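Each chain, written out:
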Amino acid sequence: MSVASPNNTAAFMADLKAKNAAEPEFHQAVHEVVESLEDFLNEHPKYRHARILERIVEPERVIMFRIPWVNDKGIMCVNRGYRIEMNSAIGPYKGGLRFHPTVTLGVLKFLAFEQVFKNSLTTLPMGGGKGGSDFDPKGKSDNEVMRFCQSFMTELYRHIGPNTDIPAGDIGVGGREIGFLFGQYKRIRNEFTGVLTGKGLNWGGSLIRPEATGYGNVYFAREMLKTKNEDFDGKKILVSGSGNVAQYTVQKVTQLGGKVITLSDSSGYILDPDGIDDKKLEYVMHLKNNKRGRIEEYAKKYGVSYFKNKRPWSEKGDIALPSATQNEIDEADALALIANGCICVSEGANMPSSPEAIHVFIKNKILFGPGKAANAGGVAVSGLEMTQNSMRLSWTREEIDERLQAIMRQIHSTCCSYGKNENGFINYINGANIGGFVKVADAMMAQGAV
Ligand code: NDP
C-alpha cells in the first residue's frame with residue numbers, strides 16, 4: 001500500500017521515485033501531471049479518496065521479452081522488447097512502438113503514461129500503451145530489419161489484438177516496419193485484422209495517417225495563434241527532427257504561408273534562410289525515407305549551413321515546432337528562443353521541453369502547446385483507421401483531414417476550458433492534464449477497483 005500522503009505532491013513523488021528507481025523520464029512526466037492536478041484534486045476530493053493518482057501511475061501490465069535475430073553476417077544478435085499496457089479504462093491499449101538505442105523501461109513508461117491523457121483528449125475510445133526495443137534500425141539492411149521485426153512480433157502477438165492492444169509507429173518504426181510486423185502477426189494468427197495502425201493504404205491503412213501528427217500539431221498551433229489574432233502567414237518557423245513528424249509539419253506550415261528554416265537529426269541541424277519549400281521537402285523525404293541518409297547531405301546539396309552536434313533553438317524564429325525527441329529543449333534553449341522573439345512553441349515530439357524550459361515559456365506567457373495535446377493528431381487518425389477497419393471501408397482524404405481538424409479544435413477547446421487562468425492566460429499544460437485526466441478517472445471510478 002502507498003505511504004504517500006494523498007494530497008502532497010512531494011511525498012507522492014518521493015514514493016513514486018523509490019518504487020520506480022532509475023526511470024527519470026517517467027518521474028518527469030508524472031511530476032508534471034501531478035503538479036497540474038494538485039488544485040483540481042483538492043477541489044474534487046473524490047479522486048483522492050479513490051486513490052486514482054496512485055492507480056494511474058501503475059501500469060496495468062508490463063511485458064518484457066528477449067528478441068533474438070540473425071544479422072546479414074550470420075551472427076546471432078539479441079535485443080530487449082517491451083510493451084507497457086498502461087491503462088484500459090476508456091478503450092483498448094493504444095500507442096506506438098519505438099525502435100531506438102535509447103529505449104529503456106523508463107522511457108516507455110513515460111511515453112505510455114502521456115499516451116493515456118493524450119488518447120483521452122482525442123475524444124476517441126482508446127486506452128494508453130507504448131512499446132518498442134533498444135534495436136537501432138540505422139545502418140541495418142531491409143532484411144535485417146525484417147528479421148528483427150518478425151522476431152519481435154513472434155513474442156508480441158500473444159499480448160495484442162484489435163480489441164486488446166493496437167500498436168502503431170513511433171521513432172524508428174515507420175511504414176516499412178509496420179509492414180513486417182503486420183505480416184508476421186497475420187502468419188501466426190491466420191487473421192487479417194486491424195491489430196496495428198499506420199498500415200499501407202492497400203492493406204487496411206488510412207489516408208492522412210502518415211501526415212496526421214505533423215498536420216495535427218500545425219492545426220493545434222494555428223488554434224493557439226488565433227487566440228492572439230496571429231497565424232502562420234509570413235512567419236519564420238524552427239523545426240527539429242527530419243523524420244515523419246518533422247516532414248509533414250514542414251508541408252503543412254508551407255501550405256499555410258509560413259517558412260520553415262531549420263531541420264535536424266541526431267547529428268546536427270541545417271539552416272536554410274530561404275525556407276524549405278515543397279521541392280526541397282521532397283528531397284528530404286527521399287533522403288530520410290528511402291536513402292536513410294543524414295540531414296548534413298541537405299546542406300551540401302543546397303549550399304546552406306550545417307551545425308554539427310547542435311540543436312536549432314538559437315536561430316531567430318517566430319514559432320518553434322520541436323519534432324525529434326524528449327528533452328531536446330533545455331532552459332538555455334528556451335531563453336534563446338524567447339530572446340529571439342519566439343511567440344509560440346508547439347510540441348510535435350513527446351516531452352521535448354525540459355521542466356526548466358517549460359518554466360521559461362510559462363513565465364514569459366508565450367503560447368505553449370504540450371505534446372500530449374499538440375501531437376495527438378497521430379493517434380487520433382490511428383483511431384479513425386481502427387474505425388475504418390472495423391467498418392471495412394475507407395474514408396476520403398478530405399473526410400479524414402476534416403475530422404482531424406475538428407479533433408484538434410476540440411482538444412484546443414478542452415485545454416482552454418480547463419487551463420484558463422483568472423487573468424485570461426491559457427496554461428495549456430494544466431488544460432491538457434486536467435482535461436485528459438477527468439474522463440479516465442471517472443471511467444476508473446465507475447469500473448470499481450481496476
Ligand atoms: P522518426 O523516427 O520518423 O524521426 C525521428 C527524428 O528525430 C529523426 O530525425 C531522428 O534523427 C531524430 N531523433 C531521434 N532521436 C534523437 C535524439 N536522441 N536526439 C536528436 N534527434 C533525435 O520519428 P517520428 O517523426 O515519428 O517521431 C518524432 C517525435 O514525435 C517523437 O518524440 C515521437 O514520440 C513523437 N510522436 C510521433 C508520432 C507519430 O505519429 N509518428 C505521434 C506522436 C508523437 P536520426 O535520424 O538521427 O535518429
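Parameters and conventions
- Residues numbered from 1 in each chain as written.
- Predicted model: local features only at pLDDT ≥ 70, side-chain atom pairs only at ≥ 80, totals over all residues.
- Heavy atoms only, no water.
- Helix = DSSP H or I, 4+ residues; strand = E, 2+ residues; numbered from the N terminus.
- Rg over C-alpha atoms; globule rule 2.2 N^0.38 Å.
- Buried < 20%, exposed > 50% of the residue type's maximum accessible area, 1.4 Å probe, protein only.
- Contact = heavy atoms within 4.5 Å.
- Lys, Arg positive; Asp, Glu negative; His and termini not counted.
- Charge placed at Lys NZ, Arg CZ, Asp CG, Glu CD.
- Core = buried A, V, L, I, M, F, W, Y, C linked by side-chain atoms within 4.5 Å.
- Domains from an automatic or database assignment.
- Near = heavy atom within 4 Å.
- Polar contact = N/O pair within 3.5 Å; in protein donor to acceptor, adjacent residues only side chain to side chain.
- Areas by Shrake-Rupley, 256 points an atom, 1.4 Å probe, with all protein chains shown as cover.
- Buried area = accessible area lost by both parts, 1.4 Å probe.
- Salt bridge = Lys/Arg side-chain N within 4 Å of Asp/Glu carboxyl O.
- Pairing = 2+ DSSP bridges.
- Right-handed = clockwise from strand over helix to strand, strands pointing away.
- Expected span 1.5 Å × (residues − 1).

### Looking at the overall build of the protein
So, point 1. Of the regular secondary structure elements, the protein holds 17 helices and twelve strands.
So, point 2. Taken over the C-alpha trace, the protein has a radius of gyration of 21 Å; the compact-globule value for 450 residues is 22 Å, and the two agree within 12%.
So, point 3. In terms of overall dimensions, the protein has a C-alpha envelope of 60 × 55 × 45 Å along the principal axes.
So, point 4. When the 450 residues of the protein are sorted by exposure, 58% land in the buried category.
So, point 5. Put simply, 70% of the contacts in the protein that link residues at least 6 apart link residues at least 24 apart.
So, point 6. Taken as two groups, the 54 positive and 51 negative side-chain charges of the protein have centres that lie 4 Å from each other.

### Here's the deal with the side chain of Lys109
So, point 1. Looking at where Lys109 falls in the secondary structure, it is placed in helix α5 (residues 105-121).
So, point 2. Exposure remark for Lys109: the relative accessible area of 6% places this residue in the buried category.
So, point 3. Apart from the residues lying within four places of it in its own chain, the contact partners of Lys109 are Asn20, Glu23, Phe26, Pro59 and Ile84.

### A short note on the nonpolar core
So, point 1. One finds Phe220, Phe232, Leu263, Leu321 and Ile411 to be the most contacted residues of the largest nonpolar core, which totals 56 residues.
So, point 2. Sort the elements by how many residues they give to this core and helix α8 (residues 209-226) lands first, with eight residues.
So, point 3. Structurally, this core is a two-domain feature, drawing no fewer than three residues from each of domain 2 (61-192) and domain 3 (215-374).
So, point 4. Those residues in contact with Phe232, other than ones at most four positions away along the chain, are Val218, Ala221, Arg222, Leu225, Ile237, Val253, Leu256, Gly257, Gly258, Ile319 and Leu321.
So, point 5. Judged by nonpolar contacts, the second largest core, of 39 residues, contains Ile56, Val116, Ile434 and Phe437.

### Overview of the site of the ligand
So, point 1. Lining the immediate environment of the ligand, one finds 25 residues, of which Asp170, Thr213, Ser266, Arg294 and Asn350 sit closest.
So, point 2. Contacts to the ligand include Arg98, whose side-chain N or O atom sits 2.9 Å from an oxygen atom.
So, point 3. Take Arg294: an N or O atom from its side chain is 2.6 Å from an oxygen atom of the ligand.
So, point 4. In isolation the ligand exposes 890 Å². Once the protein is present, 84% of that is buried.

### Observations concerning the domain arrangement of the protein
So, point 1. Along its sequence, the protein is carved into domain 1 (6-56), domain 2 (61-192) and domain 3 (215-374).
So, point 2. One C-alpha centre belongs to domain 1, the other to domain 2; they are set 27 Å apart.
So, point 3. Taken together, the contact between domain 1 and domain 2 spans eight residues of the former and ten residues of the latter.
So, point 4. Between domain 1 and domain 2, a total of about 930 Å² is buried, with carbon and sulfur atoms accounting for 72% of that surface.
So, point 5. Of all residues in domain 1, Glu25, Phe26 and Ile56 give up the largest surface area on contact with domain 2, accounting jointly for 54% of the area buried on that side.
So, point 6. Here domain 1 is connected to domain 2 by one salt bridge.
So, point 7. A salt bridge links Lys109 to Glu23; the nearest nitrogen and oxygen atoms lie 2.8 Å apart.
So, point 8. Summed over the shared surface of domain 1 and domain 2, the result is two residue pairs in polar contact (both at pLDDT 80 or more).

### What about the pairing of strand β3 (residues 93-99)?
Looking along a regular strand, one sees side chains alternate from face to face of the sheet.
So, point 1. Within β3, seven of the seven residues are buried, which leaves it mostly tucked inside the rest of the structure.
So, point 2. Across four bridges, the pairing between β3 and strand β5 (residues 165-168) is parallel. When the sheet's bridge partners are listed, Lys94 is paired in β5 with Ile166.
So, point 3. Two strands pair when backbone bridges link them, and β3 and strand β4 (residues 128-133) are joined in this way by three bridges, in the parallel orientation. Residue pairing in the sheet places Arg98 in a bridge with Gly132 of β4.
So, point 4. Read from β3 through α5 to β4, the crossover connection turns out right-handed.

### Comments concerning the environment of Leu156
So, point 1. Mapped onto the elements, Leu156 comes out in helix α6 (residues 142-156).
So, point 2. In this structure Leu156 comes out as buried when scored by relative accessible area, which is 0%.
So, point 3. Placed 135 residues apart in sequence, Leu156 and Lys291 show a C-alpha to C-alpha distance of 29 Å.
So, point 4. Those residues within four positions of Leu156 in sequence are excluded, and the remaining contacts are Phe65, Arg83 and Pro167.

### Some remarks on the side chain of Asp165
So, point 1. For Asp165, the position within the fold is in strand β5.
So, point 2. Take Asp165: its relative accessible area is 0%, and that puts it in the buried class.
So, point 3. At 2.7 Å, the side chain of Asp165 and the side chain of Arg83 are in polar contact.
So, point 4. Every residue in contact with Asp165, bar those within four places of it in the chain, is listed here: Arg83, Glu85, Pro92, Tyr93, Lys94, His159, Ile160 and Val195.

### A closer look at helix α9 (residues 244-255)
So, point 1. An ideal rise of 1.5 Å per residue puts 16 Å on twelve residues; α9 measures up with 17 Å between its terminal C-alpha atoms.
So, point 2. Counting buried residues in α9 gives nine out of twelve residues, a clear majority hidden from the surface.
So, point 3. Listed in full, the buried residues belonging to α9 are Val245, Ala246, Gln247, Tyr248, Thr249, Val250, Gln251, Lys252 and Val253.
So, point 4. Close packing links the buried residues of α9 with α8, β6 (236-239), β7 (259-265), α10 (278-290) and β10 (319-321).
So, point 5. Positioned one or two residues after α9, Gly257 has a phi angle of 90°, which is positive.

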